[in-house]
Amino acid sequence: MSLGWSRRAPVDSLVGTEAAIEFTIPLAELPRVSHELSAADGEARGKVRFSRQLGQAVAELDVSAAPEVVCQRCMQPMRWPITVKSRIALVSDYNAADRVPEGLEVFLVEADSISVRDLVDEEILLALPHVARHAEGSECAGSKMQLPGQEAEAEEAADSQVQKPFAQLGELLKRK
Ligand SMILES: [Zn+2]
């Protein structure tokens, strides 16, 4: 069965035919993900396989992408590699969601049909960082070349306050 990633198809037929779909989706085509990114270049690649497991419609999804996000420390763009491997229960209402076995994620299907795009959009959205930052120990974390941002200034002010008691102690010791 060949099916484009953008086309919505009935869950019943995807599951019934055990459709397996490989995809390469430009991140710009993922409606919610693209909204979160500083630059929507790049692609999400992977595959999805539909089946019925224990009476439950399931999508097994593998997807990887490296979207560009903005580091909240240095405000520079950075790549955020994402690899998602998940088993997703496709449910049509919240009551059904309560009965989903543990270990499965839940995706609420609208009007009994779904596209690969919908699934990938949701999974990558969930994998995006809340607050993106370069790793500790990176150039950005140790850099003194920061723009005069308020946050950096506030941090330095906090540092000097922390050091003050010790400085005063030093003065006291000298006076003895
Ligand atoms: Zn940074």
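Everything that follows concerns the structure shown earlier in this document.
Being a predicted model, the structure only gives us computed values, none of them experimental.

### Some words on the environment of Phe-50
- Note that Phe-50 resides in strand β3 (residues 43–53).
- Its relative accessible area of 0% is what places Phe-50 among the buried residues.
- Filtering out sequence-adjacent residues up to four positions away, Phe-50 remains in contact with Leu-14, Val-15, Glu-18, Ala-19, Ile-21, Val-58, Ala-59, Leu-90, Ile-114 and Leu-119.

### Here we look at the coordination of the zinc ion
- For the zinc ion, the protein coordination sphere consists of Cys-71 (SG), Cys-74 (SG), His-134 (ND1) and Cys-140 (SG), at 1.9 to 2.3 Å.
- The site at the zinc ion holds four donor atoms, and with the angles between them running 103 to 116 degrees, its shape is tetrahedral.
- Mapped onto the sequence, the donors of the zinc ion take the spacing C-x2-C-x59-H-x5-C.

### A look at the sheet that holds strand β8 (residues 105–108)
- With respect to topology, five strands assemble into an open sheet ordered β2-β3-β4-β7-β8, the strand pairing being mixed. The two strands at the open ends of the sheet, each matched to only one other strand, are β2 (20–26) and β8. Strand-to-strand twist across the sheet, computed as the mean angle between neighbouring axes with direction ignored, equals 30 degrees.
- As paired strands, β3 and strand β4 (residues 56–65) are joined by nine bridges and run antiparallel to one another. The residue bridging Phe-50 from the neighbouring strand is Ala-59, located in β4.
- Against the sheet, helix α4 (residues 116–127) contacts β2, β3, β4, β7 (82–91) and β8, and its axis sits at roughly 125 degrees relative to β7.

### Some words on the pattern of salt bridges
- The tally for this structure, following the rule as stated, stands at 13 salt bridges.
- Linking Glu-18 and Arg-49 is a salt bridge whose minimum nitrogen-to-oxygen distance equals 3.8 Å. You can see Glu-18 sitting in the loop between α1 (11–16) and β2 and its partner Arg-49 sitting in strand β3, a full 31 residues away along the chain.
- Residue classification places Glu-18 among the partly exposed positions, given a relative accessible area of 43%.
- Accessibility expressed as a relative area gives 36% for Arg-49, which makes it partly exposed.
- The residue Lys-85 makes a salt bridge to Asp-62 at a minimum N-O spacing of 3.1 Å. In this pair, Lys-85 is assigned in strand β7 and Asp-62 in strand β4, connecting sequence segments 23 residues apart.

Here is what the cut-offs are and how they apply
- Residues numbered from 1 in each chain as written.
- Predicted model: local features only at pLDDT ≥ 70, side-chain atom pairs only at ≥ 80, totals over all residues.
- Heavy atoms only, no water.
- Helix = DSSP H or I, 4+ residues; strand = E, 2+ residues; numbered from the N terminus.
- Buried < 20%, exposed > 50% of the residue type's maximum accessible area, 1.4 Å probe, protein only.
- Contact = heavy atoms within 4.5 Å.
- Donors = N, O, S within 2.8 Å, 3.2 Å for Na, K, Ca; no water.
- Tetrahedral: all angles 85-135°; square planar, octahedral: opposite > 155°, others 65-115°.
- Pairing = 2+ DSSP bridges.
- Axes fitted to C-alpha atoms, helices over the stretch in contact; angles between N-to-C directions.
- Salt bridge = Lys/Arg side-chain N within 4 Å of Asp/Glu carboxyl O.

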